[in-house]
Amino acid sequence: MIASSITLTTWLVWAVIGIVAGYMTGRLINDGRFTSLNVTIGVIGALIGGWLFVHFMGTSENMQILSLVTALIASGIFLWILTLITGRYRSDDDY
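So, a few notes on the structure that sits alongside this text. Treat the numbers as computed from the prediction; the structure is a model and nothing was measured.

## With respect to the overall build of the protein chain
The helix and strand tally for the protein chain stands at four helices and zero strands. Element order for the protein chain, N to C, with α for helix and β for strand: α-α-α-α. Of all 95 residues assigned to the protein chain, the portion counted as buried reaches 31%. Element-wise, carbon and sulfur atoms account for 71% of the exposed surface of the protein chain, whose accessible area totals about 6100 Å².

## Brief notes about helix H3 (residues 35–57)
Taking 1.5 Å of rise per residue, the 23 residues of H3 would be expected to cover 33 Å, and the 32 Å separating its terminal C-alpha atoms lies within 8% of that figure. Residues of H3 that are buried: Thr-35, Asn-38, Ile-41, Gly-42, Val-43, Gly-45, Ala-46, Gly-49, Gly-50, Phe-53 and Val-54. Downstream of H3 by a residue or two, Gly-58 has a phi angle that is positive, lying close to 90°.

## Considerations on helix H4 (residues 61–86)
The terminal C-alpha atoms of H4, which comprises 26 residues, lie 38 Å apart, in line with the 38 Å expected from a rise of 1.5 Å per residue. For H4, every residue scored as buried is listed here: Ser-67, Ala-71, Ala-74, Ser-75, Leu-79, Leu-82 and Thr-83. Its buried side turned inward, H4 meets helix H2 (8–28) and H3. Positive backbone phi, at 70°, marks Gly-87, one or two positions downstream of H4.

## Some remarks on the packing of H2 against H4
Working note: a packed helix pair is described by the angle between its axes plus the distance between those axes. In the contact formed by H2 and H4, the axes pass within 9 Å of each other and the chain directions differ by 35°. In the packing of H2 onto H4, the handedness of the crossing is right-handed. In this structure, H2 uses Thr-10, Val-13, Trp-14, Ile-17, Gly-18, Ala-21, Gly-22 and Thr-25 to contact H4, whose residues at the interface are Gln-64, Ser-67, Leu-68, Ala-71, Leu-72, Ser-75, Leu-79 and Thr-83. Along the lines of polarity and charge, the residues of the contact of H2 with H4 split into eight nonpolar, eight polar and no charged.

Rules of the game
Residues numbered from 1 in each chain as written. Predicted model: local features only at pLDDT ≥ 70, side-chain atom pairs only at ≥ 80, totals over all residues. Heavy atoms only, no water. Helix = DSSP H or I, 4+ residues; strand = E, 2+ residues; numbered from the N terminus. Buried < 20%, exposed > 50% of the residue type's maximum accessible area, 1.4 Å probe, protein only. Areas by Shrake-Rupley, 256 points an atom, 1.4 Å probe, with all protein chains shown as cover. Expected span 1.5 Å × (residues − 1). Contact = heavy atoms within 4.5 Å. Axes fitted to C-alpha atoms, helices over the stretch in contact; angles between N-to-C directions. Left-handed = near helix turned anticlockwise from the far one by under 90°. Nonpolar A, V, L, I, M, F, W, Y, C, P; charged D, E, K, R; others polar.

And the structure:
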């Protein structure tokens, strides 16, 4: 079973990637608003992206590094979709 072959450390690293991506998105795009929602969506995206990568590609040392990159990309996609849905973004007119 794939889920049992993923270590706790890998899950935690994916979550940290999602936390950092969500926090940065909240600070950059939403001017500090909705930061907790961004962090939550970032973590969900990173966990789903990392898990899907391992599920389809398998696990090895090289694949672990690629799963981290995939987690970051998936987190970014989820956060981009959230930004499109909420319509909150910083423009030059806000200054």
